[in-house]
Amino acid sequence: MPLFRTPSKGPPPTLPTATTPDDAQPLNGSRPRRTWLTNGCIRTTVTLLVLAAYFSWARPWKSHHDTPAEPELPQGLWDLPRPTYGGDVHPEDVTAEGVLRAPPLGVPRSLTNKWAQYSPWHALDKYRDPPAGCNITQVNILQRHGARYPNAEDGEVYATGVEHLSSAEKFRDKRLKFLKEYEYQLGADDLVPFGAAQTFEAGQLAFKRYAHLVNTTQIPFVRAAGAPRVISTATNWTVGFAAASHQRYQPYLNVIISEEYNNTLNNDCPNAGNGTRETGIWVSHFAPPIAKRLLKGAPGAALTNTDVFGLLAMCPFESVALETMSPFCSMFSQDDFRAFEYYGDLEKYYRTGYGEKLGPIQGVGYVNELLARLIGRPVEDRTTHNASLEFPLDRVLYADFTHENLMVAVYAAMGLFNTSTPLDPRRLPAPDYPNGRTWVASRMVPFSARMVTERLSCVRESGGRVGEGAYVRVLVNDEVQPLEFCGGKEGLCELERFVESQGYARRSGGGDFDQCYS
């Protein structure tokens, strides 16, 4: 189970509590009184006990499944090129001192990076301090939930694919022999323990990086979309933040926004496409050769294109659940996973990205809330902002938790990751895909992805290239974005020019929102 699986409806609990999401925000908008001890030593001890319980619970589960821990793919009987997954340590693996990292999966990064939106979070660059003469004055974090089980509908598809392949008369390839006694045991929808650890880590990193902004009167303001895995993610983040501060600063989940209604932290547009046409075209191209190859090693089985995709998806989902490389991973080649990755890129592009006319409008509400925070003025939005909910404008650190489809819509509404050529659902853009590409789901929205918008105050320094004034910098998974759309230099845009560049959001989509429901 995750570190904390129940929503926080007041100050951060030392143990899970059973409450309802509607209690998350006090009716009078004020912060609830603390009615129990918050002694730092007690809070730290409880946190460590919870972590110890998690690791003691996860160890026997992983041992029971007896999957190979070495990041090495066994040589099969098929005449296939062997994937060249390297296991070397990347510079971004080194984080702030004292941060408790999420446990390693034992899977090479060159494989996990081909899991599209199911990739674990990884820093795309080493975090860069602002230029000389610039100080951060406000931080806005938009973060996806951590690693999870498949959603219920997809899990049924994956289980069916496993069942179809397991029905073979015999297994000629040793990589498939585990299927003789295999049972599908993945849960549905919820965070896996690894996902909880990811977001605990993210909370620690946020404090380490932005501690200078926080004091007893400036505690992060935290919101979450209403799905349980998003609520759990937000709660784990607050616990990680508090732990990194040695319990001096204890943020809690201030507002939970129901997903039953329009919500700036959840995409919704009934009339929008969902990318199934384009992904269907692509799977019909790449899956048949894989199915044919699999069936050579499993005579008597019958596989559809959908089955092939589901079997590929078992690799990331079972790996993050078991925290070791799933045996399903060794069934496929590097080219197979490259095709799987492109499927995810297509789905995001044609669902809430630039490839769907009504994709960007689904991120406009959040962009308008971001603009309001940056300039300190009330939100002006005619899409999904709920003015009845608490929305302070005087905080220096905001953390919002959401889903990947909403994050993609926000990117598209803002103008990030724009590509001049639409993605072709009939072929890979290049043999070495995704090298040199802009739109790559594993880089934009992996599990626990985060977009951080920093507001900076700069003074002119001798010989400096940054003038005096207020600026904006946007980082996605620690990589500074160029912000060409507002004349960005060294990743910085003048605040005024950044706001002006967001004309689509400031016009509330110019009528696109109405088309979602007309």
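Placed above this text is the structure.
Residue numbers restart at each chain and count upward from 1, following the sequence in its written direction. In view of the model being predicted, local features appear only for residues whose pLDDT reaches at least 70, and side-chain atom pairs are presented and counted only at 80 or more, with totals across whole chains, interfaces and linings using the full set of residues. Excluding hydrogens and water, the side-chain figures rest on all heavy atoms present in the structure.

(A) Seen up close, the packing of aromatic side chains. Aromatic rings from Phe, Tyr and Trp, taking only the six-membered ring of Trp, are treated as a pair when their centres fall within 6.5 Å; an angle between ring planes under 30 degrees marks them as stacked, one over 60 as edge-to-face, and anything in between as tilted. A full pass over the atoms with the stated rule returns 22 aromatic pairs. Pairing W282 with F286 gives two aromatic rings, centres 5.6 Å apart and planes at 45°, and the pair type is tilted. Here W282 and its partner F286 are both found in helix α6 (residues 276-297), four residues apart, which amounts to about one turn of the helix. In this structure, R209 is placed above the aromatic ring of Y127, and the distance from its NZ or CZ to the ring centre is 3.9 Å. Every helix listed is a DSSP run of H or I at least four residues long, and every strand listed is a run of E at least two residues long, numbered separately from the N terminus. To sit over a ring, a charge needs its Lys NZ or Arg CZ within 6 Å of the ring centre and within 35 degrees of the ring normal.

(B) Here's a closer look at the state of the cysteines. Cysteine sulfur atoms that come within 2.5 Å of each other are treated as a disulfide pair. Following the criterion strictly, the structure yields four disulfides and no others. Here C269 pairs with C516 through a disulfide, and the sulfurs are 2.1 Å apart. Judged by the sign of its S-S torsion, about -100°, the bond between C269 and C516 is left-handed. With C269 in the loop between β3 (253-257) and α6 and C516 in the segment after α14 (512-515), the pair connects residues that are 247 residues apart, well separated along the chain. Classification of C269 as buried rests on a relative accessible area of 9%. Buried means the residue's accessible area, taken with a 1.4 Å probe over protein chains only, is under 20% of the maximum for its type, while exposed means over 50%, and partly exposed covers the values in between. Among the residues examined, C516 registers a relative accessible area of 1% and is labelled buried. C315 shares a disulfide with C329; S-S distance 2.0 Å. An S-S torsion of about 95° defines the bridge between C315 and C329 as right-handed. Taken together, the residues span a long stretch of sequence, with C315 in helix α7 (residues 305-322) and C329 in the loop between α7 and α8 (334-349) at a distance of 14 residues.

(C) Broad picture of the pattern of salt bridges. Every case where a carboxyl oxygen of Asp or Glu lies within 4 Å of a side-chain nitrogen of Lys or Arg is listed as a salt bridge. In this structure the tally under the stated criterion is 20 salt bridges. Here R175 makes a salt bridge to D173, at a shortest N to O gap of 3.2 Å. We note a salt bridge from R223 to D400, for which the minimum N-O separation is 2.8 Å. Linking R223 in strand β2 (residues 221-225) with D400 in strand β4 (residues 397-402), this pair joins segments that are 177 residues apart in sequence. Of the residues examined, D400 reaches a relative accessible area of 0% and is grouped as buried. A single network of salt bridges, built from pairs that share partners, joins R144, E347, K348, R351 and E404.

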